[in-house]
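# Structural description and commentary
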Amino acid sequence: MAFFMQQVVNALQRGSFYALIALGYSMVYGVLMLFNFAHGDVFMVGAYIGFFVSSGLLALSAVGFLSLPTGVTLALVLVLTLIISMLLNSVVGMLVERIGYRPLRGAPRASAAITGLMIGIILETSNLALLGAQRRSFPDLIPGETIHVLGVNITPKKIVIVAVSLLLMFGLHLFVRRTKWGMAMRAMAYDYVVVPLMGVSINTIALLTFGLGSALAAAAGILYGVAYPVLDPYMGVLFGWKAFVAAIVGGRGSVLGAGLAGFLLGFIEIFVAAFLPSTMRDLIAFSIILVILTFRPHGFFGEPYSAQLRL
Amino acid sequence: MLLSVENLAVSYDRIKALHGISFEVEEGEIVCIIGANGAGKSTTLRAISRMLPVEKGTRMTFGGQDLLSYPADKVVSELGVSHVPEGRRLFANLTVMENLKLAAFARTDPRGIERDMERVFGIFSRLKERIGQKAGTLSGGEQQMLAVGRALVSARRLMLLDEPSMGLAPLLMRSVFEALEGINREGTTILVVEQNARMALHFAQRGYVLESGNLVLEGRSEELLANPEVKAAYLGG
Ligand SMILES: Nc1ncnc2c1ncn2[C@@H]1O[C@H](COP(=O)(O)OP(=O)(O)OP(=O)(O)O)[C@@H](O)[C@H]1O
Ligand SMILES: [Mg+2]
């Protein structure tokens, strides 16, 4: 039982990363009918931004900019790192939309997919060119002893990672459901052609969608850096693909679906690795996904049709 | 002159849909364009609301402003031109209220928005009872009411209406047109395109006849209703 609970805790943490990244894929796909294949690399950029922001803040506090107890300082650094990096990374996402995708609006869908792949490669290689091949290690912003609860090892890291992820997802849910901006995104997901007739600029909503997704990707990058402190320019590739798969399993444009499917993927991976050799993890995890998609080709929460027509 | 269209030409891919048509709409008027399937009626409205690119040589002004210098969303939010598109095109996944709120997206006068919403509910009381209902589950007539209501909330100087009679039973059609007359009396200019020529000509003061991308006739509604060619081609003899 303790072993099982331990896997659940681990799966929740791993699922948090997938869920946060999957939301970005899903929103962009839902609103703009576009697979943003650069999103995994936007996650990587977010992790690096988080690395520089947190290192900078820690350096400031080290020279006595802040004289607070260590725990408070670290908490403050974490919160500020999240906020600043999410803002900065949303700008990165908006630039990707503006420079990469906007000129291709109306072009065949394959062109946009290829553009996404190229932007991804450009982000990876410019990181390499600017920062060199050496790996960076993310500062430990959430130290603390492991707590044993009924034989389950829980670290403060895991609690914070899962809590922050859930909080951000809930925030996104409220934004999409309750604000007029979220309403415009939902409208655009249904029928983007008539959105301008409501006096709403498609370009603005496109930027907003990319910005939101990239902000969440930055949060994922920071939390990932806290959990697995080694950053490298290609960290977003496989991870991004997995989150993309989660977005598809969740269903086209479904925020709830992407979140849940992210956690589902985390669970599958962790539980496969718990009982079988870890080399088989991805093979089995993706085979399970393949079976799921065979029976639910639109994912769990996707709508089996699209109303996108020409005006 | 509120709207002036000169030499409007539009092509889809390589097929020309409009061959350089010219017409005008005065402030306060109700004007209709009638024509058969594929004549280019919807294309004309889409060009005015800047949903479609136009060809070189086209000039369009609205209230003295060069329409071609405005993107589609600004035509609505800055010039005050609303467009009820063919097939209504409601956001079926949003509620009635959300559809109306979205139409007010770019407006910054909360009081004015509230007043316009009340006005919409005054005209179409059936919508008021259904504010929480998903637009996709409304009946055809209710959907048409919501489509018009949405246009009223988004902009009220000029309303472009694409086949408001489509799919409506005669009685309901009459009440929609009566509501539109009321909207016009309150100061909204209306340009309507219709296949239902009889209905349109009784509703409008002036009309144009569009045939394969060319305007072939124009006149006061009474004249067009009495015109033998119009009678033969559009009024069933
Ligand atoms: N998106 C499009 N792509 C290619 N051709 C189009 C497109 N939309 C319209 N057309 C063509 O342009 C011409 C005019 O179409 P339009 O929709 O303006 O006609 P209409 O007068 O509104 O007809 P209806 O009464 O059937 O709605 C038609 O020949 C049509 O086939
Ligand atoms: Mg038409």
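Treat the numbers as computed from the prediction; the structure is a model and nothing was measured.

Calculation criteria
- Residues numbered from 1 in each chain as written.
- Chains lettered and ligands numbered in written order.
- Predicted model: local features only at pLDDT ≥ 70, side-chain atom pairs only at ≥ 80, totals over all residues.
- Heavy atoms only, no water.
- Helix = DSSP H or I, 4+ residues; strand = E, 2+ residues; numbered from the N terminus.
- Rg over C-alpha atoms; globule rule 2.2 N^0.38 Å.
- Buried < 20%, exposed > 50% of the residue type's maximum accessible area, 1.4 Å probe, protein only.
- Contact = heavy atoms within 4.5 Å.
- Areas by Shrake-Rupley, 256 points an atom, 1.4 Å probe, with all protein chains shown as cover.
- Lys, Arg positive; Asp, Glu negative; His and termini not counted.
- Charge placed at Lys NZ, Arg CZ, Asp CG, Glu CD.
- Salt bridge = Lys/Arg side-chain N within 4 Å of Asp/Glu carboxyl O.
- Pairing = 2+ DSSP bridges.
- Axes fitted to C-alpha atoms, helices over the stretch in contact; angles between N-to-C directions.
- Near = heavy atom within 4 Å.
- Polar contact = N/O pair within 3.5 Å; in protein donor to acceptor, adjacent residues only side chain to side chain.
- Nonpolar A, V, L, I, M, F, W, Y, C, P; charged D, E, K, R; others polar.
- Phe/Tyr/Trp six-rings, centres within 6.5 Å; stacked < 30°, edge-to-face > 60°.
- Lys NZ or Arg CZ within 6 Å of the ring centre and 35° of its normal.
- Core = buried A, V, L, I, M, F, W, Y, C linked by side-chain atoms within 4.5 Å.
- pLDDT = per-residue confidence, 0-100.
- Donors = N, O, S within 2.8 Å, 3.2 Å for Na, K, Ca; no water.

### Structural notes on the overall build of chain A
The helix and strand tally for chain A stands at 10 helices and 4 strands. Walking chain A from its N terminus toward its C terminus, one meets helices and strands in the order α-α-α-α-β-β-β-α-α-α-β-α-α-α. On C-alpha atoms alone, chain A measures out to a radius of gyration of 20 Å, which is about the 19 Å that the 2.2 N^0.38 rule sets for 311 residues. Expressed along its principal axes, the backbone C-alpha trace of chain A runs to roughly 60 × 45 × 40 Å. In chain A, buried positions account for 54% of the 311 residues. Partitioning the contacts of chain A with sequence separation of at least 6, the portion at a separation of at least 24 is 80%. Surface accessibility of chain A: about 13,800 Å² in total, with carbon and sulfur atoms responsible for 73%. Positive and negative side-chain charges in chain A, numbering 18 and 10 respectively, have mean positions lying 8 Å apart.

### Observations concerning the overall build of chain B
The number of helices and strands found in chain B is 10 helices and 10 strands. Rg of the C-alpha trace for chain B: 17 Å, near the compact-globule value of 18 Å for 237 residues, within the 12% margin. By principal-axis analysis of the C-alpha atoms, chain B measures approximately 45 × 40 × 35 Å. Split into buried and exposed, the 237 residues of chain B put 56% on the buried side. A separation threshold of at least 6 residues defines the contact pool for chain B, and within that pool the share at least 24 residues apart is 66%. Accessible surface for chain B amounts to roughly 10,000 Å². Of this, 48% is attributable to carbon and sulfur atoms.

### As for the pattern of salt bridges
All told, the structure shown has 27 salt bridges over all chains when counted by the stated rule. R14(A) is the salt-bridge partner of E269(A), the closest N and O atoms lying 2.8 Å from each other. Here E269(A) is found in helix α9 (residues 255–275), whereas its partner R14(A) is found in helix α1 (residues 2–32), with 255 residues between them in sequence. Relative accessible area serves as the criterion here: at 10%, R14(A) is assigned to the buried category. Close ionic contact of D73(B) with K74(B) constitutes a salt bridge, the shortest N to O distance being 3.8 Å. The exposure class assigned to D73(B) is buried, which follows from its relative accessible area of 11%. Taken together, the salt bridges that share partners define one network made up of R107(B), D109(B), D116(B), R119(B), R156(B) and E186(B).

### Points about the sheet that holds strand β3 (residues 30–35) of chain B
Consider a sheet: its strands pair through backbone hydrogen bonds, and that pairing is either parallel or antiparallel. Residue and element names in this part refer to chain B. Read across the sheet, 6 strands follow the order β6-β7-β8-β3-β9-β10 without closing on themselves; strand pairing throughout is mixed. Of all the strands in the sheet, the pair left with one neighbour each is β6 (81–84) and β10 (214–220). Averaged over all pairs of adjacent strands, the angle between strand axes in this sheet comes to 15 degrees, irrespective of strand direction. Sheet topology places strand β9 (residues 206–211) next to β10; 6 bridges connect them, and they run antiparallel.

### Section: the site of ligand 1
Close contacts around ligand 1 come from 15 residues, with N37(B), K41(B), S42(B), T43(B) and E86(B) the closest. Residues lining ligand 1 come from chains A and B. Contacts to ligand 1 include S42(B), whose side-chain N or O atom sits 2.7 Å from an oxygen atom. E86(B) has a polar side-chain atom sitting 2.5 Å from an oxygen atom of ligand 1. For ligand 1, whose free accessible area comes to 630 Å², the fraction covered by protein is 71%. Considering each element in turn, the shell around ligand 1 owes the most residues, 4 residues, to helix α1 (residues 41–48) of chain B. Across the shell around ligand 1, the residue classes tally to 4 nonpolar, 6 polar and 5 charged.

### What to know about the packing of aromatic side chains
Evaluation of the coordinates by the stated rule reveals 23 aromatic pairs over all chains. A centroid spacing of 5.6 Å and a plane angle of 75 degrees characterise the contact between F43(A) and Y224(A), whose relative ring orientation is edge-to-face. Remark: Y224(A) occurs in helix α7 (residues 202–227) and F43(A) occurs in helix α2 (residues 39–62); sequence separation between them is 181 residues. The cationic tip of K180(A) hangs over the ring face of F105(B); the distance from NZ or CZ to the ring centre is 4.5 Å.

### Re the nonpolar core
Membership of the largest hydrophobic core comes to 143 residues, with the highest contact counts inside it found for I34(B), F91(B), L102(B), M159(B) and L180(B). Looking at this core element by element, the count peaks at 14 residues for α7(A). Setting aside residues up to four positions removed in sequence, L102(B) forms contacts with M183(A), A184(A), A187(A), M198(A), V200(A), F91(B) and L94(B). Counting residues in each nonpolar core, the second largest holds 29 residues, with I21(B), I33(B), Y70(B) and Y208(B) among its members.

### Thoughts on the environment of R177(A)
In this structure, R177(A) sits in helix α5 (residues 156–178). The exposure class of R177(A) is partly exposed, given its relative accessible area of 45%. Each C-alpha atom of the pair R177(A) and L216(A) lies 17 Å from the other, and the pair is 39 residues apart in sequence. Setting aside residues no more than four positions away along its own chain, R177(A) makes contact with R186(A) and E98(B).

### Quick notes on the confidence of the model for chain A
Residues and elements named next belong to chain A. Per-chain confidence: chain A averages 90 in pLDDT, with 96% of residues scoring 70 or above. Ranking the helices and strands of chain A by mean pLDDT puts α7 first, with 97, and strand β2 (residues 147–149) last, with 86. Here residues 305–311 is a poorly scored stretch, pLDDT under 50, and it has 20 contacts once near neighbours within four places are set aside; other chains count.

### A few points about the sheet that holds strand β1 (residues 3–12) of chain B
All names here are of chain B. On the basis of which strands lie adjacent, the open sheet formed by 4 strands has the order β2-β1-β4-β5 and antiparallel pairing. Only two strands of the sheet have a single neighbouring strand rather than two, namely β2 (15–25) and β5 (65–66). Strand direction decides the pairing type here: strand β4 (residues 59–62) and β5, joined by 2 bridges, are antiparallel. The partner of F62 across the bridge, within β5, is Q65. Sitting on the sheet, α1 touches β1, β2 and β4, and the angle it makes with β1 is about 115 degrees.

### With respect to the coordination of the magnesium ion (ligand 2)
The reference angle at a metal is 109.5 degrees if four donors form a tetrahedron and 90 or 180 degrees if six donors form an octahedron. Protein coordination at the magnesium ion (ligand 2) comes from S42(B) (OG) and E86(B) (OE), with a distance range of 1.9 to 2.4 Å. A residue pair is termed long-range when its members are at least 10 positions apart, and S42(B) in helix α1 and E86(B) in the loop between β6 and α3 (96–103) qualify at 44 residues.

### Here we look at helix α6 (residues 180–190) of chain A
Buried residues dominate α6(A), accounting for 9 of its 11 residues. Of the residues making up α6(A), those classed as buried are G182(A), M183(A), A184(A), M185(A), R186(A), A187(A), M188(A), A189(A) and Y190(A). Those residues of α6(A) that are buried lie in contact with α1, α5 and α7 of chain A together with α3 of chain B.

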